[in-house]
Amino acid sequence: MTETARSRSQGASESTGSAQFGRGVRLPRTERRAQLLAAAQQVFAANGYHAAAMDDIAERAGVSKPVLYQHFPGKLDLYIALLESHVDHLVSAVQEALSSTTDNKQRVNNAVGAFFDFVNGDAGAFRMVFESDLRGEPSVQEAVDRATSASVDAITETITADAGLDEDKARLLAVGLVGLSQVSARFWLTHHSSMSRDDAVALTSTLAWRGIGAGFPLQHQ
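Structure report, in brief. (Residues numbered from 1 in each chain as written. Predicted model: local features only at pLDDT ≥ 70, side-chain atom pairs only at ≥ 80, totals over all residues. Heavy atoms only, no water.)

## Some remarks on the packing of helix H2 (residues 29-51) against helix H3 (residues 54-61)
The geometry of a pair of packed helices is captured by two quantities: the angle between their axes and the separation between those axes. Test applied: For helices, the fitted line uses only the C-alpha atoms of the stretch in contact; every axis is such a line through C-alpha atoms, and the angle between N-to-C directions lies from 0 to 180 degrees. The helix and strand labels rest on DSSP assignments: H or I over at least four residues marks a helix, E over at least two residues marks a strand, and numbering proceeds from the N terminus. Orientation categories follow fixed angle ranges, with anything under 35 degrees roughly parallel, anything over 145 roughly antiparallel, 65 to 115 roughly perpendicular, and all other angles oblique. Note: crossing handedness is left-handed where the near helix turns anticlockwise from the far helix by less than a right angle, and right-handed where it turns clockwise. Any pair of residues with heavy atoms lying within 4.5 Å of one another is described as a contacting pair.
Between H2 and H3, whose axes approach to 8 Å, the crossing angle comes to 130°. Accordingly, the angle class assigned to the pair H2 and H3 is oblique. Crossing of H2 against H3: the hand is right-handed. Contact residues: Gln35, Leu36, Ala39, Ala40, Gln42, Val43, Phe44 and Asn47 in H2; Asp56, Ile57, Arg60 and Ala61 in H3.

## As for H3
Cut-off, in case you're wondering: Summary of the burial criterion: residues with accessible area below 20% of their type's maximum are buried, those above 50% are exposed, and those between are partly exposed, where the area comes from a 1.4 Å probe applied to protein chains only. This arc corresponds to the set of directions leading from the helix axis out to the C-beta atoms.
Every buried residue belonging to H3 is among Met54, Ile57, Ala58 and Ala61, and all of these are buried. An end-on view of H3 places all buried positions within 100° of arc, on one side of the element. Among the structural elements, H2, helix H4 (65-71) and helix H5 (75-99) are those in contact with the buried residues of H3.

## Topic: the pattern of salt bridges
Charged atoms that come close allow side chains of opposite charge to pair. The following threshold applies: What makes a salt bridge here is a side-chain nitrogen of Lys or Arg within 4 Å of a carboxyl oxygen of Asp or Glu, nothing more.
Taken as a whole and judged by the stated rule, the model has 10 salt bridges. Here Asp117 and Arg197 are joined by a salt bridge, their closest N and O atoms 2.9 Å apart. You can see Asp117 sitting in helix H6 (residues 104-120) and its partner Arg197 sitting in helix H10 (residues 197-215), a full 80 residues away along the chain. Looking at Arg197, the relative accessible area reads 25%, which means it is partly exposed.

This is the structure in structure tokens:
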């Protein structure tokens, strides 16, 4: 089959798959991928990885299974793609929190807030990243580890530049801030605390700032 014929065949398959469930709308590949990931998120969140079926995901997305398999060869590929998108979102939020201001106290507050917002957002997203039941799968573990390591890298760079510490010391502080933020945010959410998000972030960031900010003041004025 020629490349042109293959493209026409795939396009027809997507249209047919959508029509099967009453949608009949052909979407650009990037939009279709986003639609499939959103459907997968709902199914994985409701059923967990092992009980989730590609049939259920295709039905939730309103496409046929052949369309789903055109984008993702298997359930694990789909799960990892979704996990990676959540990790990217968290890491970007932390990086933005650090770059949004030059006030280091506010940076700490923003970084802590990024973890609280991630945990308080889509419950399925944070559970996939922090509570995945597939950590024994190397590709999943790699993505999960990146959520922490990339966040630590971003904070380490900021501490090194502003506090004048060597990289090893800065990295240890960054690991502490990430761990404090993640665990505090999950505890706050899990226990349905009456404390507001802003109050919880302020309390957690105050603890972090009095350790980092007071102990290691800004070196470059």
